[in-house]
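Tertiary structure, described
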Amino acid sequence: MNIGLFGGSFNPIHNGHVRLAKSLLQEAALDEVWFLVSPQNPFKQDQQLLDDDKRLQLVRLALKEEPQLMASDFEFHLPKPSYTWNTLQALEQEYPERKFTLLIGGDNWEAFDKWYRYEDILKRYPIIVYPRKGSKVSDVKFQDSDIQIVETPLINISSTQIRQRLQEGKSVRGLVNTEVAMVIEQEHLYR
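Residues numbered from 1 in each chain as written. Predicted model: local features only at pLDDT ≥ 70, side-chain atom pairs only at ≥ 80, totals over all residues. Heavy atoms only, no water.

1. A short note on the overall build of the protein
- Of the regular secondary structure elements, the protein holds seven helices and six strands.
- Each helix and strand of the protein, ordered N terminal to C terminal, gives the series β-α-β-α-β-α-β-α-α-β-β-α-α.
- Here the C-alpha radius of gyration of the protein, 16 Å, is about what a compact globule of 191 residues would show, namely 16 Å.
- Referenced to the eigenvectors of the C-alpha coordinate spread, the extents of the protein come out at roughly 50 × 35 × 35 Å.
- Separation of charge centres in the protein, based on 23 positive and 27 negative side chains, amounts to 6 Å. (Helix = DSSP H or I, 4+ residues; strand = E, 2+ residues; numbered from the N terminus. Rg over C-alpha atoms; globule rule 2.2 N^0.38 Å. Lys, Arg positive; Asp, Glu negative; His and termini not counted. Charge placed at Lys NZ, Arg CZ, Asp CG, Glu CD.)

2. Details of the pairing of strand S5 (residues 127-130)
- Taking every second residue as pointing to the same face, both faces of S5 are buried, with Ile127 and Val129 on one and Ile128 and Tyr130 on the other.
- Two strands pair when backbone bridges link them, and strand S4 (residues 99-105) and S5 are joined in this way by four bridges, in the parallel orientation. Residue Ile104 lies in a different strand from S5, and its bridge partner there is Val129.
- Bridge count between S5 and strand S6 (residues 147-149): three bridges; the pairing is parallel. Bridge pairing links Ile128 to Gln148 in S6. (Buried < 20%, exposed > 50% of the residue type's maximum accessible area, 1.4 Å probe, protein only. Pairing = 2+ DSSP bridges.)

3. Side note on the packing of aromatic side chains
- For the structure shown, the criterion picks out twelve aromatic pairs.
- A ring pair is formed by Phe6 and Phe10, whose centres lie 5.4 Å apart and whose planes are at 85°; its orientation type is edge-to-face. By the burial criterion, Phe6 is buried, and Phe10 matches it.
- Here a set of aromatic residues connected by ring pairs shows up, and it is made of Phe6, Phe10, Phe35 and Tyr130. (Phe/Tyr/Trp six-rings, centres within 6.5 Å; stacked < 30°, edge-to-face > 60°.)

4. Details of the side chain of Thr101
- Turning to its location among the elements, Thr101 is positioned in strand S4.
- Overall, Thr101 belongs to the buried group, its relative accessible area being 2%.
- Beyond its immediate sequence surroundings of up to four residues, Thr101 is in contact with Asn2, Ile3, Gly4, Leu5, Leu30, Pro126, Ile127 and Ile128. (Contact = heavy atoms within 4.5 Å.)

5. A short note on the environment of Arg55
- Note on placement: Arg55 falls in helix H2 (residues 52-63).
- Through-space distance from the C-alpha of Arg55 to that of Asn11 is 6.5 Å; in sequence the pair is 44 residues apart.
- When neighbours within four sequence positions are excluded, Arg55 is seen to be in contact with Ser9, Phe10, Asn11, Val37, Ser38, Pro39, Leu49, Leu50 and Tyr190.
- One polar contact links the side chain of Arg55 to the main-chain carbonyl oxygen of Ser38, over a distance of 3.1 Å. (Polar contact = N/O pair within 3.5 Å; in protein donor to acceptor, adjacent residues only side chain to side chain.)

6. Remarks on the sheet that holds S4
- Sheet architecture is open: six strands sit in the order S3-S2-S1-S4-S5-S6, paired in parallel fashion. The sheet is open, and its two edges are formed by strand S3 (69-72) and S6, each paired on a single side. Neighbour-to-neighbour, the strand axes of the sheet open up by a mean angle of 25°, direction not taken into account.
- Here strand S1 (residues 2-8) runs beside S4; their pairing, made up of five bridges, is parallel. (Axes fitted to C-alpha atoms, helices over the stretch in contact; angles between N-to-C directions.)

7. Considerations on the environment of Ser171
- Counting through the fold element by element, Ser171 comes out in the loop between helix H6 (159-167) and helix H7 (178-186).
- Residue class for Ser171 comes out partly exposed when judged on its relative accessible area of 39%.
- Measuring from C-alpha to C-alpha, the distance between Ser171 and Thr101 comes to 35 Å, with 70 residues separating the pair along the chain.
- In this structure the side chain of Ser171 is engaged in a polar contact, spanning 3.1 Å, whose partner is the backbone nitrogen of Arg173.

Here is the structure:
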């Protein structure tokens, strides 16, 4: 099985994340996409994150009707901060029969050479790069690596925008899964 790893804080997960993952399933011929909910991004250590388990709950709700998309708390059980290299190594040990492909946006791709052990990642794992608004995607800087650039729709939704709307007392229905919206409203999250 070829598993696409879609890591992020998902703070909160939104319809754009789900549409992107479904598009990547097709474009990259993946069997599943695992949403690796990150407890702490090394580049966003100051970011105010909703509780890990609450973000995981929202991801599970959003993916409930998507059999090829899985919510994963794998990184919750690894040392923090969560470095992609460490996660990939631990996943490979835990699931030796699976092939893991890293899914990253063009914005992260531009800074990929700043990632912890990025050269080792390039040598050992295939990478799928998808476009992000405002980023230029090119595979030129790392030739001889297993890098595939795919064309996926640019989705104009961000978690930052959703948190801002909630702080302003606006609805986020249509931007997030209906059940996710209900939990956010009922529990007054991000306010």
